[in-house]
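Take a look at the letters that make up each chain.
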Amino acid sequence: MSADAELSSILNRRQQINEALDNGQAIKPTFKVVNIYTEFHEFSRKEIKDYQATFSKYDVGNDGYLDLAELKIMMEKLGAPQTHLGLKGMIAEVDEDKDGKISFREFLLIYRKARAGELVSDSGLGQLARLTEINVDEVGVGGAKSFFEAKIEQQLRTNKFHDEIRQEQEERRRMEEERVLRRQQFQQRAAVFQ
């Protein structure tokens, strides 16, 4: 779809919504189906597959959703039980289609918000994100070490100060290579005169 067609589609939808609201009609939100891997580009394919395995582990109904009961069991097994209202609040925070349950796409939103620092660390979703990111029982201490090293590297990549240091180091290396090259060229020319 071209950019003009996409913009036209969005504006037409907005016009339909405004007209319906003016007439007092209820508007059902529409969501377009997207590829999880392209929508959540901040996650690697392996991370998404790991999140999918965690999601499937607790989706005992195999319906593609975590309902209130499944979320309750999940939080209890993770060692962070929540009250009924707490569970409802957790669902409401990521439930974009307002169906009262969490789809896999909405489940990934929890981790996106956690990475962006948008979750309170002691909130239900904050605990969920923290507790399901790595399972030392499954990956062992070495796997946990690799996981946390990767997390640190990811944070360092986003750190502007770290980028500036890396650029300075690359500049110094490039200048040293140029100096060595100039020295070799000088020695080659000097050898002609000997």
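Quick summary incoming for the structure in this document. For clarity, every value in this text was computed on a predicted model and none was experimentally measured.

All right, on to the overall build of the chain then. For the chain, the helix and strand inventory stands at nine helices and two strands. Ordering the α and β elements of the chain from the N terminus gives α-α-α-β-α-α-β-α-α-α-α. Residue burial in the chain is summarised as follows: out of 194 residues, 23% are buried.

Under the definition given, this model contains nine salt bridges. The partner of D50 in a salt bridge is K46, with the nearest N and O atoms 3.0 Å apart. Here D50 pairs with K46, and both are found in helix α3 (residues 45-58), just four residues apart, close to one helical turn. One network of salt bridges, in which partners are shared, links E39, E96 and R105.

Relative orientation and spacing of two packed helices are given, respectively, by the angle between their axes and the distance between those axes. Interaxial distance between helix α4 (residues 68-77) and helix α5 (residues 84-94) falls to 10 Å at its minimum, and their mutual angle equals 110°. Comparing their axes, α5 and α4 come out roughly perpendicular. Contacts between α4 and α5 pair L68, L71, K72 and M75 from the former with H84, L87, K88, M90 and I91 from the latter. Residues of the contact of α4 with α5, tallied by class, amount to six nonpolar, one polar and two charged.

Let us look at the packing of α3 against helix α6 (residues 104-115). Contact pair α3 / α6: the axes reach a minimum separation of 10 Å and the direction vectors enclose 120°. Classified by the angle between their axes, α3 and α6 sit oblique to one another. At the point where α3 passes α6, the crossing takes the right-handed sense. The segment α3 lies against α6, with E47, I48, Y51, Q52, T54 and F55 engaging F104, F107, L108, Y111 and R115. Counted by class, the contact of α3 with α6 contains seven nonpolar, two polar and two charged residues.

To continue, consider the packing of aromatic side chains. Going through the model one piece at a time under the given rule, you end up with seven aromatic pairs. When the ring of F55 is compared with that of F104, the centres are 5.5 Å apart and the planes differ by 65°; the resulting orientation is edge-to-face. Taken together, the positions of F55 in helix α3 and F104 in helix α6 put the pair 49 residues apart, joining distant regions of the chain. Grouping residues by exposure puts F55 and F104 together as buried. Members of the aromatic cluster, each reached through a chain of ring pairs, are F40, F43, Y51, F55, F104, F107 and Y111.

Our focus in this paragraph is α3. With 14 residues, α3 should cover 20 Å at 1.5 Å per step; its first-to-last C-alpha distance of 20 Å lies within 8% of that length. Along α3, the residues classified as buried are I48, Y51, T54, F55 and Y58. Buried residues of α3 fall within an arc of 120° about the axis and therefore sit on the same side. Among the exposed residues of α3, those oriented more than 90 degrees off its buried face are R45 and K46.

Before going further, it helps to spend a moment on the nonpolar core. Here is a general trend for soluble globular proteins: nonpolar side chains tend to be buried in one another's company. The biggest cluster of nonpolar side chains holds 28 residues, and the ones touching the most others in it are L71, M74, M75, F104, F107, I110 and L128. Within the residue set of this core, elements represented by two or more residues are α3, α4, α5, α6 and α7 (124-132). It is α6 that provides the largest number of residues to this core, a total of six residues. Apart from residues lying up to four places away in sequence, L71 is in contact with L87, M90, I91 and I102.

Relative to the elements of secondary structure, D95 occurs in the loop between α5 and β2 (102-103). Remark: the alpha-carbon pair of D95 and E106, spanning 11 residues in sequence, is separated by 6.4 Å. Beyond its immediate stretch of four places on either side in the chain, D95 contacts G100, K101 and E106. Separated by 2.7 Å, the side chain of D95 and the backbone nitrogen of G100 make a polar contact.

The rules behind each value
- Here the residue numbering is sequential within each chain, running from 1 through the sequence in written order.
- Given that the model is predicted, a residue must reach a pLDDT of at least 70 before its local features are reported, and side-chain atom pairs must reach 80 or more before they are shown or counted; all residues, however, enter totals for whole chains, interfaces and linings.
- Where side-chain values are given, they derive from all heavy atoms of the structure, hydrogens and water being excluded.
- Only runs of H or I of at least four residues qualify as helices and only runs of E of at least two qualify as strands under DSSP, and these elements are numbered from the N terminus.
- Relative accessibility thresholds used throughout: buried, under 20% of the residue-type maximum; exposed, over 50%; partly exposed, between the two (1.4 Å probe, protein chains only).
- Put simply, a salt bridge is a Lys or Arg side-chain nitrogen that is within 4 Å of an Asp or Glu carboxyl oxygen.
- Angles shown run from 0 to 180 degrees and are taken between the N-to-C directions of axes, each axis being a line fitted to C-alpha atoms and, for helices, limited to the stretch in contact.
- Every angle not falling under 35 degrees, over 145, or within 65 to 115 is termed oblique; those three ranges are roughly parallel, roughly antiparallel and roughly perpendicular.
- Here a residue-residue contact requires only that any non-hydrogen atoms of the pair lie within 4.5 Å.
- In this classification, the charged set is Asp, Glu, Lys and Arg, the nonpolar set is Ala, Val, Leu, Ile, Met, Phe, Trp, Tyr, Cys and Pro, and all remaining amino acids, among them Gly, are polar.
- Left-handed describes a crossing whose near helix is turned anticlockwise from the far helix through less than a right angle; right-handed describes the clockwise counterpart.
- What counts as a ring pair is set by centres within 6.5 Å for rings of Phe, Tyr and Trp (its six-membered ring), and what kind of pair is set by the plane angle: stacked under 30 degrees, edge-to-face over 60, tilted for all other angles.
- The span expected for a helix works out to 1.5 Å for each residue beyond the first.
- As used here, the arc belongs to the directions running from the helix axis to the C-beta atoms.
- As used here, the term nonpolar core means buried Ala, Val, Leu, Ile, Met, Phe, Trp, Tyr and Cys residues forming a set that is joined through side-chain atoms within 4.5 Å.
- As used in this structure description, the phrase polar contact means that two N or O atoms lie within 3.5 Å; if the pair is within protein, one of them must be able to donate a hydrogen and the other to accept it, and residues adjacent in sequence are counted only when both atoms belong to side chains.

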